[in-house]
Amino acid sequence: MVRPWAGPAGGRGRSWAGQAAGPFVGGAGGPEVARRTDASRTHGADPVTWGPRGGGLVSVPSNPHPLPSRRPGRWWPACCCAPGSGALQLARGPCVGPLARARGPASTCSAASCPPCTTRTACPGCLFLNLKTPLRDTSVHRSLSWMMASSGPWFDMYLCARDSIVLNFNPFMAFNPDPKSEYNDQLTRATNMTVSAIRFLKTLRAGLLEPEVFHLNPAKSDTDTFKRLIRFVPSSLSWYGAYLVNAYPLDMSQYFRLFNSTRLPKPIQDELFTNEKARHLLVLRKGHFYVFDVLDQDGNIVGASEIQAHLKYILSDSSPAPEFPLAYLTTENRDVWAELRRKLASGGNEEALRKVDSAVFCLCLDDFPIKDLIHLSHNMLHGDGTNRWFDKSFNLIIAKDGTAAINFEHAWGDGVAVLRFLNEVFKDSTQAPAVTPQSQPARTDSSVAVQKLNFKLNDALKTGISTAKEKFDATVKTLTVDLIQFQRGGKEFLKKQKLSPDSVAQLAFQMAFLRQYGQTVATYESCSTAAFKHGRTETIRPASIFTKRCSQAFVREPSKYSAGELQQMMTKCSTYHGQLTKEAAMGQGFDRHLFALRYLAAAKGIALPELYLDPAYGQINHNILSTSTLNSPAVNIGGFAPVVPDGFGIGYAIHDNWIGCNVSSYPGRNVREFLQCVEKALEDIFDAIEGKCIKT
């Protein structure tokens, strides 16, 4: 088991992902998850989910819709997880579940073309309804028109991209090890995480998942008392009750795509496919595909000991790796993969592909331990290409030593949804594990329950797999990943100096690039706009006239300025960065605005305005420094590849007492040298804060 990032005292590392709004239901907020200790009630006559009153488990009927008396989400109308609220119920009427039942078992969405919905209760599972077809309910029409205008182009952007999704789009987040070392056994952890993931699924679909809320004053709003009181406020007024105590609901319309979902390769534009009725798990090991049910016919979770038995059976399969591993195809150019998939389906593999596409999620069992954090990053970001199905909404990867991570496809949603899932699964699997290291697998015939998928490959498909492998191997060899842990201080120290910790990290990146390459370049920092219905992201632009002046002072003329003058410059950087962050979160950034105008011009056949032809516009969208930060005690490390060939992909986390950076680059940049410059920048910043002279 690779050691997690450690703080100065050698304690458990905590890092990389964003904060969850709260527990499954009824807990105290933050990334914590309310729990019960009786792990025996993970299966039985009724499915088990987390209850709305003070945490713990409650039994609910299968497919419970609606559940008005157990609705913790009454006061978050922007959230889609609770029956009758926000995006889940765009029309008046009863909740019909994350996918409208009238649409049948499956939903396929490609922002450009989608089957029309003519039911009174709109289907939020399909974000792109064909609005040319009149809808009977004008309120639905207005809601869907707004959704199409706000979200459709962004989905188009992802789904129309023809590059491989590996490295170009899919990021990863790695779990911390289980604090009880004996639970990091691969079989034990795989069983516990699978059960916890299905518990999350059941909680979400039952409408009992506590909504994501941004608490500006958690002392008033993030309390059990307030949650109990707000439950009795009518839905039409509940949002205002939350607003009065500075609690803002965040959009959760992406969550339903976590499960039973796959990105399907299509010519020109891919599609998002979801089939909520499927009950099986997809498991990959040594390039082989296995499926078995994790939900029974009534929607109950299959017994944990049965799941353990099936996973043990798969781990005991001694079959050699296939000569032509099919998973390589998901690493291909999307148009190439679309044509190969067409041949694959027409060659007698349609049913096997359907099982892959509709699986609850993909569990990847690797046959080797993780050596160190750099090896972890490479393995979880891309691996060897044989044991991932990169098109699935997410792959849960568990190595031989129990090191676990999530690699997720980015078109359907953003890190906020994945992080909430990751937080809940980590807490549930570590505090309420379904099995123990001493647990015995059920005595069941796994050879019957587990189906090994066999694919018929003709010469064209074999050639396609070989070509995909060559491309994949050549590409991943060019990627370098390295990291640092700056132990001198973190957010606690910086906040005492009244400096934004994030602004300090971003200033360090600007100083580092200036020191290494002598210039300032376009920089991207992702900011969630989940405060808006169906919000995705906006861009924070950390490179400013303030960071440029400050960077030049530190790097080029440190002796010219006193520590006090440097402190004043840093304060201006911090203030302006805070302003940019607030504007981005409130939808007042310029990037998505310009993106939307350009999209509308193209859609209406209008000549592209001169602004978009200006070299400066192209330069600012060539993001050499692409950065993202998220924090969670459940996450060890995370990362992504650069978004341009001559760029850096910078994943960073600012902890209480240290700062971590996990950076990737292609041969055009020197990642080790860049990280040395980042460390030098942070040392200089801390020296200036402490009134010391800057060392040249």
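Because the structure is a prediction, the values reported are computed rather than measured.

Some thoughts on the overall build of the protein chain
- What the protein chain contains, in helices and strands, is 18 helices and 21 strands.
- Sorting the 696 residues of the protein chain into buried and exposed places 59% on the buried side.
- Counting contacts in the protein chain only where the partners sit at least 6 residues apart, residues at least 24 apart contribute 74% of the total.
- Of the roughly 27000 Å² of accessible surface on the protein chain, a fraction of 54% belongs to carbon and sulfur atoms.

Some details on the sheet that holds strand β14 (residues 451-453)
- The strand order β14-β10-β9-β11-β12-β13-β4-β19 describes an open sheet built from eight strands, whose pairing is mixed. In the strand order of this sheet, the two ends are held by β14 and β19 (635-639), each with one partner. When strand polarity is set aside, the average angle formed by the axes of neighbouring strands in this sheet is 25°.
- In terms of strand pairing, strand β10 (residues 288-293) meets β14 through three bridges, oriented antiparallel. Each bridged residue has a counterpart across the sheet, and for Phe289 the counterpart in β14 is Leu453.
- The strands touched by helix α6 (residues 304-315) within the sheet are β9 (280-285), β10 and β11 (362-365), with β10 carrying the most contacts at an inclination of about 165°.
- Contacts from helix α7 (residues 334-358) reach β9, β10 and β14, with the element oriented near 110° to β14.

Description of empty space enclosed by the protein
- Counted by the stated rule, this structure contains seven cavities of 30 Å³ or more.
- There is about 80 Å³ of room inside the largest cavity.
- Lining the largest cavity are Asp251, Met252, Gln254, Tyr255, Asp414, Val416, Ala417, Ser528, Ala530, Gly535 and Arg536.
- Its residues assigned to classes, the lining of the largest cavity shows five nonpolar, three polar and three charged.

Here we look at the packing of helix α2 (residues 186-205) against helix α9 (residues 415-431)
- Axis separation between α2 and α9 bottoms out at 9 Å; the angle between their running directions is 125°. The angle between α2 and α9 falls in the class oblique. For the pair α2 and α9, the sense of crossing is right-handed. Here Arg189, Asn192, Met193, Ser196, Ala197, Arg199 and Phe200 of α2 come into contact with α9, specifically with Arg420, Phe421, Glu424, Val425, Phe426, Asp428 and Ser429.

Here's the deal with unusual backbone geometry
- A positive phi angle, near 55°, is found at Asn260, a position not held by glycine.
- When you line up the elements, Asn260 lands in the loop between β6 (247-249) and β7 (261-264).
- Its identity as a non-glycine residue notwithstanding, Ile268 has a phi of 75°, on the positive side.
- Checked against the element boundaries, Ile268 lands in the loop between β7 and β8 (271-274).

Concerning α9
- Counted at 1.5 Å a residue, the expected span for α9 with its 17 residues is 24 Å, and the 24 Å between its end C-alpha atoms agrees.
- In terms of residue burial, α9 counts as a mostly covered element, since 15 of its 17 residues are buried.

Looking at the nonpolar core
- Within the largest apolar cluster, 104 residues are counted, with the highest numbers of intra-cluster contacts made by Phe259, Phe361 and Leu363.
- When neighbours within four sequence positions are excluded, Leu363 is seen to be in contact with Ala190, Thr194, Leu281, Leu282, Val283, Leu284, Leu311, Leu396 and Ile398.
- Counting residues in each nonpolar core, the second largest holds 44 residues, with Ile659, Cys661, Val678 and Ile689 among its members.

Some words on the sheet that holds strand β15 (residues 480-486)
- The six strands lie next to each other as β15-β21-β20-β18-β16-β17, forming an open sheet whose pairing is mixed. Each edge of the open sheet is held by one strand with a lone partner, namely β15 and β17 (537-540). Within the sheet, the average angular offset between the axes of one strand and its neighbour, ignoring direction, is 25°.
- In terms of strand pairing, strand β18 (residues 625-629) meets strand β20 (residues 648-654) through five bridges, oriented parallel. Among the inter-strand pairings, Ser628 is bridged to a residue of β20, identified as Gly651.
- Helix α16 (residues 591-603) rests against β16 (523-528) and β17 of the sheet, and its axis sits at about 120° to β17.
- Strand contacts of helix α18 (residues 671-689): β15, β18, β20 and β21 (659-665), with the helix running at about 20° to β15, the strand carrying the most contacts.

What about the pattern of salt bridges?
- Taken as a whole and judged by the stated rule, the model has 34 salt bridges.
- Asp317 is the salt-bridge partner of Lys452, the closest N and O atoms lying 3.1 Å from each other. Of the two residues, Lys452 sits in strand β14 while Asp317 sits in the loop between α6 and α7, which places them 135 residues apart along the sequence.
- Of the residues examined, Lys452 reaches a relative accessible area of 27% and is grouped as partly exposed.
- Salt bridges linked by common partners bring Arg162, Arg263, Asp270, Arg334, Asp335, Asp391 and Glu409 together as one network.

As for the pairing of strand β12 (residues 394-398)
- Of all five residues making up β12, five are buried, and the element is well covered by its neighbours.
- Covered by surrounding structure in β12 are Phe394, Leu396 and Ile398 together with Asn395 and Ile397, the residues of both alternating faces.
- Summarising the sheet, β11 and β12 pair through four bridges and their orientation is parallel. Along β12, the bridge assignment pairs Cys364 with Ile397.
- Handedness of the crossover joining β11 and β12 through helix α8 (residues 373-381): right-handed.
- As consecutive antiparallel partners, β12 and strand β13 (residues 404-408) are separated by five residues, and within that stretch Gly402 has a phi angle of approximately 90°, a positive value.

Considering the packing of aromatic side chains
- Using the criterion set out here, one finds 23 aromatic pairs in the structure.
- An angle of 35° between the planes, with centres 6.5 Å apart, marks the rings of Phe595 and Tyr599 as tilted. With Phe595 and Tyr599 both in helix α16, this residue pair falls four residues apart, about one helical turn.
- Plain terms: the ring middles of Tyr612 and Tyr617 are 5.0 Å apart, the flat faces sit at 80° to each other, and that makes the pair edge-to-face.
- Given a relative accessible area of 8%, Tyr612 falls into the buried group.
- Classification of Tyr617 by relative accessible area gives buried; the value is 14%.
- Within the aromatic cluster, the residues linked to one another by ring pairs are Trp154, Tyr158, Phe169, Phe595 and Tyr599.
- One residue, Arg536, lies across the ring of Phe155, its end atom 4.8 Å from the ring centre.
- Over the aromatic face of Tyr517 sits the side chain of Arg669, whose NZ or CZ is 4.4 Å from the ring centroid.

Some points on the side chain of Asp482
- Note on placement: Asp482 falls in strand β15.
- Separated by 2.7 Å, the side chains of Asp482 and Arg672 make a polar contact.
- When sequence neighbours within four positions are dropped, the list of residues in contact with Asp482 reads Ile374, Cys661, Asn662, Val663, Val671, Arg672 and Leu675.

Reading the values: the criteria
Residues numbered from 1 in each chain as written. Predicted model: local features only at pLDDT ≥ 70, side-chain atom pairs only at ≥ 80, totals over all residues. Heavy atoms only, no water. Helix = DSSP H or I, 4+ residues; strand = E, 2+ residues; numbered from the N terminus. Buried < 20%, exposed > 50% of the residue type's maximum accessible area, 1.4 Å probe, protein only. Contact = heavy atoms within 4.5 Å. Areas by Shrake-Rupley, 256 points an atom, 1.4 Å probe, with all protein chains shown as cover. Pairing = 2+ DSSP bridges. Axes fitted to C-alpha atoms, helices over the stretch in contact; angles between N-to-C directions. 1 Å grid on protein atoms, 1.4 Å probe; cavity = no way out; pocket = protein on both sides within 12 Å on 5 of 7 lines; lining within 4 Å. Points joined across faces, edges and corners; volume = space filled by probe spheres on them. Nonpolar A, V, L, I, M, F, W, Y, C, P; charged D, E, K, R; others polar. Parallel < 35°, antiparallel > 145°, perpendicular 65-115°, else oblique. Left-handed = near helix turned anticlockwise from the far one by under 90°. Expected span 1.5 Å × (residues − 1). Core = buried A, V, L, I, M, F, W, Y, C linked by side-chain atoms within 4.5 Å. Salt bridge = Lys/Arg side-chain N within 4 Å of Asp/Glu carboxyl O. Right-handed = clockwise from strand over helix to strand, strands pointing away. Phe/Tyr/Trp six-rings, centres within 6.5 Å; stacked < 30°, edge-to-face > 60°. Lys NZ or Arg CZ within 6 Å of the ring centre and 35° of its normal. Polar contact = N/O pair within 3.5 Å; in protein donor to acceptor, adjacent residues only side chain to side chain.

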